[in-house]
Amino acid sequence: MPSDSKSPKPKWSVSELIDLEYLLRRDEETGDASNDGFFADEIEPWIDPGKIDRPDARTLQKALWRWLQTRKSGLETSKLPGAAISGAFWTVGTAIVLFMAFLGAGTVLGTLGYEDSRTYNVLLLFGLTVGIQWLFLTLGLLGLLAWLIWRNHAFVSFAHRGFQSIVNHTAERTMSKEAAVWWRENAKTRRLFTMPTMLLTQAAGIAFNVGAIAALVGSVLFVSVRFGWETTAENTMNPALSRATEVLGVPWSWFKPEWVPDQEEIAQSRIRWQGSPLDPIESAILTAEESARAWFPFLVCSIAFWGLLPRLLLYTGFDLRRRSELRGLAFSERIHREWWRNLTDIPIEVTTKGPADNAVALLWGGVKPAEPELRVAALQQLRVNVIDTFPAGGAEVDEDTKAIAALEKLLRKSDLRIVLVVEAWSLAPRDLGDFLDQLRGTIGASAPVDCYLIGLPQNGKTLTAPKDSEIKVWETFAAERSDPALFIKPFRSQ
């Protein structure tokens, strides 16, 4: 019996996925047959025999993880693209975070103005620290909605696209020439940049707020500064500012009401000029210490609650989403499917039960294999017992409806396996895709469907092996559907 204690514990990261894609592509192009003995030594001890023909996502995760660690053990990992990309992420990300921290501090210190260079304009300070962040968050939300709607045809922001370009340029300088060429021309893992770049965006926002708070606290602790505001429309601005501070201070006013300036403090902290802006400020009604006591706690709490906290929440949310995506990897791309099929085609000794599942064969596109021949092949190669056949996808418009209706009746009585018998050379993606969508609506998303590929009839035989090029086309079709329960099963000549 398989032992789950021997099962690998995958710890996928973006760099590991990049290395996996690179090594699978390289082995495919070079025809590397380095899998001899791998199944028997590394997979057979823990795999459920029932999942050899129809592996679920978790099984593929474990198998591919173990294969990757085995392949990397004999290679110089520092030259692999995953290490280069990871290093570039860290280098560029650290530089951006430090830059944003200094930018936050510089923004706060840059608002010190007027004749003595020691007066904060609270409106300008709040607008440049919190207001502009909410503008970018709103734009980012619109970009995220665009990405969710259009997926690969949209990106979240120009900042993300620029970050990806910088990371690519930095990484290609450290990886091997072969890996750099592959990364530029073939890599599909670039889509995995989405979550890391969004995490970096929030980390940069966190750094900006931390730098702003540190600069504000430092200026109050070590310099005598004044807080105030100015306007030429006092009758309009004074009540508006009073109302705004009440609303912004709601999160902490219930336990620290003194950290929200009252209407009198707001009015008395207005900056007035004696003649022109070049003249010194009038003797303020509030002293520097009094204005700091009125405005400093409010500004620190505002930046922390309305600037820093949303970034922390977004960072946590994106990080949880990233972890969830890594845990839920289906590995249903064509190259993953072909790797597993080639691996399990190796002669192996595995104790399996006899065919315990009944199956219904859907004969797609007018294919008409001899039923006795089909039943024998399904028993031997798919390990299912075909109990009935139905035509689908033929010349008759209502054939699909009849086939699905018949399946619906049979499914009420027992669980069935679905075998879709197709000629490998005749794939029509749109027609078959529409039929599979209807089929999924009847049998559910998790029920396995085997696409049993056959070639052109030869020498009086209706069941013949398809060409490798035809199989690749079907694997690509299955991968694009993102259906982990759709399995490509080529007929194998005995």
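Here goes a summary of the coordinates provided. The structure presented is a predicted model; accordingly, all values stated were derived computationally and were not measured.

Counting 42 residues, the largest nonpolar core has Trp-12, Ile-43, Trp-339 and Trp-340 as its most contacted members. Among the secondary structure elements, those contributing two or more residues to this core are α1 (14-30), α2 (38-43), α3 (57-72), α4 (81-110), α6 (158-172), α7 (177-185) and α13 (334-344). The element contributing the most residues to this core is α1, with 7 residues.

On the surface, Ile-132, Leu-135, Phe-136, Leu-139, Leu-141, Leu-142 and Leu-145 cluster together into a nonpolar patch covering about 660 Å² of accessible area. For Leu-145, the location among the structural elements is in helix α5 (residues 122-150). The class of Leu-145 is partly exposed, set by a relative accessible area of 42%.

Under the defined criterion, the tally for this structure stands at 14 salt bridges. Glu-42 is the salt-bridge partner of Arg-66, the closest N and O atoms lying 2.9 Å from each other. Taken together, the positions of Arg-66 in helix α3 and Glu-42 in helix α2 put the pair 24 residues apart, joining distant regions of the chain. Residue class for Arg-66 comes out partly exposed when judged on its relative accessible area of 30%. In this structure, Arg-243 engages Glu-246 in a salt bridge whose closest nitrogen and oxygen atoms are separated by 3.3 Å. With a gap of 3 residues between them, Arg-243 and Glu-246 both fall in helix α9 (residues 234-248), about one helical turn apart. Residue Arg-243 is classed as exposed on the basis of its relative accessible area of 53%. Taking relative accessible area as the criterion, Glu-246 reaches 42% and is therefore assigned partly exposed.

Here Leu-382 shows up in helix α14 (residues 371-382). Distance from Leu-382 to Arg-54, taken between C-alpha atoms, is 9.4 Å for residues 328 residues apart in sequence. Those residues in contact with Leu-382 that lie beyond four places of it in its chain are Asp-53, Arg-54, Ala-377, Val-419, Tyr-452 and Lys-489.

This next bit is on the sheet that holds strand β4 (residues 358-364). Backbone hydrogen bonds are what pair the strands of a sheet, in a parallel or an antiparallel way. Pairing in this open sheet of 5 strands is parallel, and the strands run β5-β4-β6-β7-β8 from one edge to the other. Since the sheet does not close on itself, it has two edges, and those belong to β5 (385-392) and β8 (486-490), each with one partner. With strand direction ignored, the average angle separating the axes of adjacent strands in the sheet is 25°. Pairing of strand β7 (residues 449-454) with β8 involves 5 bridges; the strand directions are parallel. What sits directly across from Val-449, in β8, is Leu-486. Set on the sheet, α14 makes contact with β4, β5, β6 (417-423), β7 and β8; between it and β5 the angle comes to about 120°.

This part is about the packing of α1 against α13. Contact pair α1 / α13: the axes reach a minimum separation of 11 Å and the direction vectors enclose 60°. Here α1 is positioned oblique relative to α13, judged by the angle of their axes. Helix-helix and strand crossings are classified by hand; for α1 and α13 the assignment is left-handed. Taken together, the residues of α13 that come into contact with α1 (itself represented by Leu-20, Leu-24, Arg-25 and Glu-28) are Arg-334, Ile-335, His-336, Glu-338 and Trp-339. Residue composition of the contact of α1 with α13, by class: 4 nonpolar, 1 polar and 4 charged.

A word on the packing of aromatic side chains. Scanning the model with the defined rule gives 14 aromatic pairs in all. Plain terms: the ring middles of Trp-12 and Trp-65 are 5.2 Å apart, the flat faces sit at 80° to each other, and that makes the pair edge-to-face. Here Trp-12 is found in the segment before α1, whereas its partner Trp-65 is found in helix α3, with 53 residues between them in sequence. Residue classification places Trp-12 among the buried residues on the basis of a relative accessible area of 8%. When the centroid spacing of 5.1 Å and the interplanar angle of 50° are considered together, the rings of Trp-12 and Phe-331 count as tilted.

This paragraph deals with the pairing of β8. Counted residue by residue, β8 has 5 buried out of 5 residues, so it is predominantly covered. Here β8 shows a buried face lined by Leu-486, Ile-488 and Pro-490 and a second buried face lined by Phe-487 and Lys-489. You can see the chain leave β7, run along helix α17 (residues 468-481) and come back into β8, and the turn it takes is right-handed.

Moving on, we come to α14. When we look at burial in α14, the residues that qualify are Leu-374, Ala-377, Ala-378, Gln-381 and Leu-382. Down the axis of α14, the sector holding all buried residues measures 100°, keeping them to one side. In this fold, the buried residues of α14 make contact with β4, β5, β6, β7 and β8. Downstream of α14 by a residue or two, Arg-383 has a phi angle that is positive, lying close to 55°.

Let's shift gears to the environment of Lys-62. Here Lys-62 lies in helix α3. It is 6.7 Å that separates the C-alpha atoms of Lys-62 and Lys-9, two residues lying 53 residues apart in sequence.

Rules and cut-offs
- Residues numbered from 1 in each chain as written.
- Predicted model: local features only at pLDDT ≥ 70, side-chain atom pairs only at ≥ 80, totals over all residues.
- Heavy atoms only, no water.
- Core = buried A, V, L, I, M, F, W, Y, C linked by side-chain atoms within 4.5 Å.
- Buried < 20%, exposed > 50% of the residue type's maximum accessible area, 1.4 Å probe, protein only.
- Helix = DSSP H or I, 4+ residues; strand = E, 2+ residues; numbered from the N terminus.
- Patch = residues over 30% accessible without salt bridge, like charges linked within 9 Å, V, L, I, M, F, W, Y side chains within 5 Å.
- Areas by Shrake-Rupley, 256 points an atom, 1.4 Å probe, with all protein chains shown as cover.
- Salt bridge = Lys/Arg side-chain N within 4 Å of Asp/Glu carboxyl O.
- Contact = heavy atoms within 4.5 Å.
- Pairing = 2+ DSSP bridges.
- Axes fitted to C-alpha atoms, helices over the stretch in contact; angles between N-to-C directions.
- Parallel < 35°, antiparallel > 145°, perpendicular 65-115°, else oblique.
- Left-handed = near helix turned anticlockwise from the far one by under 90°.
- Nonpolar A, V, L, I, M, F, W, Y, C, P; charged D, E, K, R; others polar.
- Phe/Tyr/Trp six-rings, centres within 6.5 Å; stacked < 30°, edge-to-face > 60°.
- Right-handed = clockwise from strand over helix to strand, strands pointing away.
- Arc of directions from axis to C-beta.

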